[in-house]
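# Per-entry structural report
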Amino acid sequence: MTGNDRVLAARILAEVAARVERALGDRLDARRDVPPRLMAAMRHSLEAGGKRLRPALCLVAGDAVGADRHTLLDAACALEMLHTFSLIHDDLPALDDDDWRRGRPSCHVAFDEATAILAGDGLLADAFGCLAHVDAAPARVLQAIRELADATGSQGMVAGQQRDIDGTGQPVTQADVEAIHAGKTAALLGASVAIGAILGGGSAAQVDALRHYGHALGMAFQAVDDVLDATGSRESLGKSPGKDAARQVPSLARVLGIDGARRRADEWAVLAIDAVAPFADLPAGAVLRGLVDLAVHRDR
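Residues numbered from 1 in each chain as written. Predicted model: local features only at pLDDT ≥ 70, side-chain atom pairs only at ≥ 80, totals over all residues. Heavy atoms only, no water.

## A closer look at the overall build of the chain
Counting its secondary structure elements, the chain contains 14 helices and two strands. Computed over its C-alpha atoms, the radius of gyration of the chain comes to 18 Å, within 12% of the 19 Å expected for a compact globule of 300 residues. Dimensions of the chain, computed from the C-alpha atoms along their principal axes, are close to 50 × 45 × 30 Å. Looking at the 300 residues of the chain, the share that counts as buried comes to 54%. (Helix = DSSP H or I, 4+ residues; strand = E, 2+ residues; numbered from the N terminus. Rg over C-alpha atoms; globule rule 2.2 N^0.38 Å. Buried < 20%, exposed > 50% of the residue type's maximum accessible area, 1.4 Å probe, protein only.)

## So, helix 6 (residues 113-132)
An α-helical turn contains 3.6 residues, so a residue and the one three or four places further along point in the same direction. With 20 residues, helix 6 extends 29 Å from end C-alpha to end C-alpha; this agrees with the ideal 28 Å at 1.5 Å per step. Buried within helix 6 are the following residues: Thr115, Ala116, Ala119, Gly120, Gly122, Leu123, Ala127, Cys130 and Leu131. In a view along the axis of helix 6, the buried residues occupy a sector of 165 degrees, so they form one face of it. Looking at the buried residues of helix 6, the elements they touch are helix 1 (3-29), helix 2 (36-46), helix 4 (73-90), helix 5 (107-110), helix 7 (138-152) and helix 9 (174-199). (Expected span 1.5 Å × (residues − 1). Arc of directions from axis to C-beta. Contact = heavy atoms within 4.5 Å.)

## Structural notes on the nonpolar core
Core analysis: the biggest nonpolar cluster contains 91 residues, and Leu131, Ile195, Leu199, Leu210, Tyr213 and Leu291 have the highest contact counts within it. If you tally residues by element for this core, the top one is helix 10 (residues 204-231), at 13 residues. (Core = buried A, V, L, I, M, F, W, Y, C linked by side-chain atoms within 4.5 Å.)

## Digging into the pattern of salt bridges
Two side chains of opposite charge can pair, provided their charged atoms sit close to one another. In this structure the tally under the stated criterion is 22 salt bridges. A salt bridge links Arg52 to Glu80, with the nearest nitrogen and oxygen atoms 2.8 Å apart. Pair noted here: Arg52 is in the loop between helix 2 and helix 3 (53-64) and Glu80 is in helix 4, with a separation of 28 residues, a long-range link. For the pair Arg52 and Glu80, a shared accessibility class is recorded, and that class is buried. In this structure, Arg262 engages Asp259 in a salt bridge whose closest nitrogen and oxygen atoms are separated by 3.9 Å. Taken together, the positions of Arg262 and Asp259, both in helix 13 (residues 252-275) and three residues apart, correspond to about one turn of that helix. A relative accessible area of 42% means that Arg262 is categorised as partly exposed. Through salt bridges with shared partners, one network takes in Glu21, Arg52, Glu80 and Arg102. (Salt bridge = Lys/Arg side-chain N within 4 Å of Asp/Glu carboxyl O.)

## Structural notes on the state of the cysteines
Using the criterion set out here, one finds zero disulfides in the structure. Take Cys58: it sits in no disulfide, and the sulfur closest to it among the cysteines is that of Cys77, at 9.6 Å. (Disulfide = S-S within 2.5 Å.)

## Considering the packing of helix 4 against helix 6
Interaxial distance between helix 4 and helix 6 falls to 8 Å at its minimum, and their mutual angle equals 160 degrees. When the interaxial angle is binned, helix 4 and helix 6 end up roughly antiparallel. Read as a crossing pair, helix 4 and helix 6 show a hand that is left-handed. The residues of helix 6 that touch helix 4, namely those facing Asp74, Ala75, Cys77, Ala78, Met81, Leu82, Thr84, Phe85, Ile88 and His89, are Ala116, Ile117, Ala119, Gly120, Asp121, Leu123, Leu124, Asp126, Ala127, Phe128, Cys130 and Leu131. Classifying every residue of the contact of helix 4 with helix 6 gives 16 nonpolar, three polar and three charged. (Axes fitted to C-alpha atoms, helices over the stretch in contact; angles between N-to-C directions. Parallel < 35°, antiparallel > 145°, perpendicular 65-115°, else oblique. Left-handed = near helix turned anticlockwise from the far one by under 90°. Nonpolar A, V, L, I, M, F, W, Y, C, P; charged D, E, K, R; others polar.)

## Brief notes about the confidence of the model for the chain
When pLDDT is low, close inspection of the predicted coordinates is not appropriate. Considering every residue of the chain, the mean pLDDT works out to 93; 95% of them sit at 70 or more. Taken element by element, the chain is modelled with least confidence in helix 11 (residues 234-237), mean pLDDT 56, and with most confidence in helix 7, mean pLDDT 98. (pLDDT = per-residue confidence, 0-100.)

## Side note on helix 9
Across its 26 residues, helix 9 extends 35 Å between first and last C-alpha, which sits within 8% of the 38 Å expected from 1.5 Å per residue. At Ala186, helix 9 shows its maximal kink, close to 50 degrees. Most of helix 9 is tucked away, with 20 of its 26 residues classed as buried. Positioned one or two residues after helix 9, Gly201 has a phi angle of 90 degrees, which is positive. (Bend = angle between axes of the 7 residues up to and from the residue.)

## Thoughts on the environment of Gly122
Inspection of the secondary structure puts Gly122 in helix 6. When the C-alpha positions of Gly122 and Ile12 are compared, they lie 29 Å apart, and in sequence the two are 110 residues distant.

## Structural notes on the environment of Arg140
Looking at where Arg140 falls in the secondary structure, it is placed in helix 7. Looking at Arg140, the relative accessible area reads 26%, which means it is partly exposed. Separated by 32 residues in sequence, Arg140 and His108 place their C-alpha atoms 36 Å apart. When residues no more than four places from it in sequence are discounted, the contact partners of Arg140 are Ala197, Ile198, Leu199, Gly201 and Gly202.

Here it is, written out as structure tokens:
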């Protein structure tokens, strides 16, 4: 990994964020007969900014297998819709109970719990509808839908959230915490790159390599999140810090300490970079390596 990789990745991430935000606005504008309060709540969370990492991973994975980014834009939007659904529901009092997200009041604070639940539900369903509109071979669209469903449902993100609830306030091991991280974070990041490769016409080997990259990147990303929760501020994070320790939420910072969690993030980062060795000579390979650097060396 070089400094040039990081610079290139930061530029691509900014370009993708701007493009995806315009596309998300277009897709919301095209919705008809949505109750105004529901639409306002969806926009409040979806248009609040953020890294737009998952859409970027999808589009860069498409680059890696030779796809046209424009054809993958619906998939990139779908991933951001689904991620935003997860954040809205994560912040609810019954789950992580956070009043702040991306530097603004959480959806249930800005509106109310019932509307926040429905806004998340709407974005979840709309994400799959958006993904189904990708102009690709029907078999590949179906495969991408299945990939996203597996990453999101009772074997993926939802499973990780349940394990997180079960482990809160309980003795946990590193293996317990990493099982949570694999579901809550790594599953969707792995699916993001896999979907880009699937819809972009990638081979089975390319899809597998990119999925493994995304999983390892997700594990590194969440290890850093655990550190930032223990060391960051609300101004830098855009959400409430210190909550994991206060509630005894399972985290690597809790079981390994700050330095141990940072070392674990570095270990996962190496695995992510190794996974995309087949793309090392491509511009997309440099971007994928740079995204690892950005994910691990960040302050929010």
